[in-house]
Amino acid sequence: DGGITQSPKYLFRKEGQNVTLSCEQNLNHDAMYWYRQDPGQGLRLIYYSQIVNDFQKGDIAEGYSVSREKKESFPLTVTSAQKNPTAFYLCASTQRGTGSNYGYTFGSGTRLTVV
Amino acid sequence: AQKITQTQPGMFVQEKEAVTLDCTYDTSDQSYGLFWYKQPSSGEMIFLIYQGSYDEQNATEGRYSLNFQKARKSANLVISASQLGDSAMYFCAMREGPGTGFQKLVFGTGTRLLVSP
C-alpha cells in the first residue's frame, strides 16, 4: 500500500547531538513537508520541498536542516542549534497539480525527546 | 495575526449525540480551501473533510459535515451520532490559493473531543 513511512517512532537525543528523522513516501508525490507539533499547539511548518534538490524554509526553520536528493525521501536533521527540540514531528506530502481536495498525506510521526 | 482560530480547547459529548467544533479563519484570498483532520492518540493525522471557497454547498462525508459560512469566515465541523472512536484531537486547517500547485496548510491549535458512553 502507498503511504509515508517515518522512522523511528521514538527518538531520544542527548543535548548537543544532531539527529536525523527519516521520511520516505511511495506515493510519487512531488511536494514534501516537515511539521512540528507541541502540546496545546497546532502544527508549524519547518521546511518544505516542491521538487528534488530544492527546498524552502517554513515558519520555524532555525536549528533544522533538510535534503531532497530523491523524490521519495525528505530527511530532517535536528541540529544542536535547535534549543528546544522535544516535540512530535510529522512529515507530509502532496501531489502537485492534481487538485486540492485531500490536502496532505501524513506519516505517523516521530516523537523526539531530549534527555 | 492568527489565520485559523479554534476557540474550544476541549469538548465533551455523549455517545450518539451530535457535536459542533468551531473554526474561524482569516484570509484576503478569494480562492482557498479548508480542511479538517482528526488526530487520535497514536499521532497520525487523518483527513476528514474539505471545503473549497467557491463550493456553494456544504461538504459532507458520512457522519461529518462542514458548516461553511463564508461571510462570517467560519468552517465548523459537525459530527453526527458521535461514537466512542471519535475521541481525538481535531484540527482545522486552511490552504490559501487554488491548490493546483504547491500547497501550504496553516493549522489551528486544535480541539480535544471526548465522547462518553
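Note: the structure precedes this text.
Computed from a prediction, not measured in an experiment: that's the story for all the values here. (Residues numbered from 1 in each chain as written. Chains lettered and ligands numbered in written order. Predicted model: local features only at pLDDT ≥ 70, side-chain atom pairs only at ≥ 80, totals over all residues. Heavy atoms only, no water.)

### Side note on the overall build of chain A
Phase 1 of the analysis: When its secondary structure is counted, chain A shows 0 helices and 11 strands.
Phase 2 of the analysis: The linear arrangement of helices and strands in chain A, starting from the amino end, is β-β-β-β-β-β-β-β-β-β-β.
Phase 3 of the analysis: Here the C-alpha atoms of chain A give a radius of gyration of 13 Å, agreeing with the 13 Å that 2.2 N^0.38 yields for 115 residues.
Phase 4 of the analysis: Taken along its principal axes, the extent of the C-alpha atoms in chain A is 40 × 30 × 25 Å.
Phase 5 of the analysis: The proportion of buried residues among the 115 residues of chain A is 50%.
Phase 6 of the analysis: Sequence separation of 24 or more characterises 53% of the internal contacts of chain A that already satisfy a separation of 6 or more.
Phase 7 of the analysis: With the model as given, the accessible surface of chain A reaches about 5600 Å², and the carbon-plus-sulfur share is 45%.
Phase 8 of the analysis: Measuring between centres, the 12 positive side-chain charges of chain A sit 5 Å from its 10 negative side-chain charges. (Helix = DSSP H or I, 4+ residues; strand = E, 2+ residues; numbered from the N terminus. Rg over C-alpha atoms; globule rule 2.2 N^0.38 Å. Buried < 20%, exposed > 50% of the residue type's maximum accessible area, 1.4 Å probe, protein only. Contact = heavy atoms within 4.5 Å. Areas by Shrake-Rupley, 256 points an atom, 1.4 Å probe, with all protein chains shown as cover. Lys, Arg positive; Asp, Glu negative; His and termini not counted. Charge placed at Lys NZ, Arg CZ, Asp CG, Glu CD.)

### Brief notes about the state of the cysteines
Phase 1 of the analysis: For the structure on display, the rule yields 2 disulfides over all chains.
Phase 2 of the analysis: Paired by a disulfide, cysteine 23 of chain A and cysteine 91 of chain A hold their sulfur atoms 1.9 Å apart. In this structure the cystine formed by cysteine 23 of chain A and cysteine 91 of chain A twists about its S-S bond by roughly -70 degrees; its chirality is therefore left-handed. Residue cysteine 23 of chain A is located in strand 3 (residues 19-25), and its partner cysteine 91 of chain A is located in strand 9 (residues 87-94); the two are separated by 68 residues in the primary sequence. You'll find cysteine 23 of chain A and cysteine 91 of chain A in the same group, each marked buried.
Phase 3 of the analysis: A disulfide bridge connects cysteine 23 of chain B with cysteine 92 of chain B, and the sulfur atoms are separated by 2.0 Å. Negative torsions about the S-S bond denote left-handed disulfides, and the value of about -65 degrees found for cysteine 23 of chain B with cysteine 92 of chain B makes this one left-handed. Here cysteine 92 of chain B lies in strand 10 (residues 88-96) and cysteine 23 of chain B lies in the loop between strand 3 (19-21) and strand 4 (24-25), a separation of 69 residues in the sequence. (Disulfide = S-S within 2.5 Å.)

### Notes on the packing of aromatic side chains
Phase 1 of the analysis: If you walk through the whole model with that rule in mind, you get 14 aromatic pairs over all chains.
Phase 2 of the analysis: Measuring from ring centre to ring centre gives 6.0 Å for tyrosine 47 of chain A and phenylalanine 55 of chain A, while their planes differ by 80 degrees; the resulting arrangement is edge-to-face.
Phase 3 of the analysis: On the numbers, 4.8 Å between centres and 50 degrees between planes, the contact of phenylalanine 35 of chain B with tyrosine 50 of chain B is tilted. With phenylalanine 35 of chain B in strand 5 (residues 32-39) and tyrosine 50 of chain B in strand 6 (residues 46-52), this residue pair connects regions lying 15 residues apart in the sequence.
Phase 4 of the analysis: Owing to a relative accessible area of 12%, tyrosine 50 of chain B belongs among the buried residues under this scheme.
Phase 5 of the analysis: A cation over a ring is seen here: arginine 68 of chain A above phenylalanine 74 of chain A, with NZ or CZ 6.0 Å from the ring centre.
Phase 6 of the analysis: Cation over ring: arginine 63 of chain B sits above tyrosine 64 of chain B, and NZ or CZ is 5.6 Å from the ring centre. (Phe/Tyr/Trp six-rings, centres within 6.5 Å; stacked < 30°, edge-to-face > 60°. Lys NZ or Arg CZ within 6 Å of the ring centre and 35° of its normal.)

### Brief notes about the pairing of strand 11 (residues 110-114) of chain A
Residues and elements named next belong to chain A.
Phase 1 of the analysis: Summarising the sheet, strand 2 (residues 10-13) and strand 11 pair through 4 bridges and their orientation is parallel. In the strand pairing of strand 11, arginine 13 is matched with valine 114.
Phase 2 of the analysis: Examined bridge by bridge, strand 9 and strand 11 share 3 bridges and lie antiparallel to one another. From the neighbouring strand, alanine 87 faces strand 11, where its bridge partner is leucine 112. (Pairing = 2+ DSSP bridges.)

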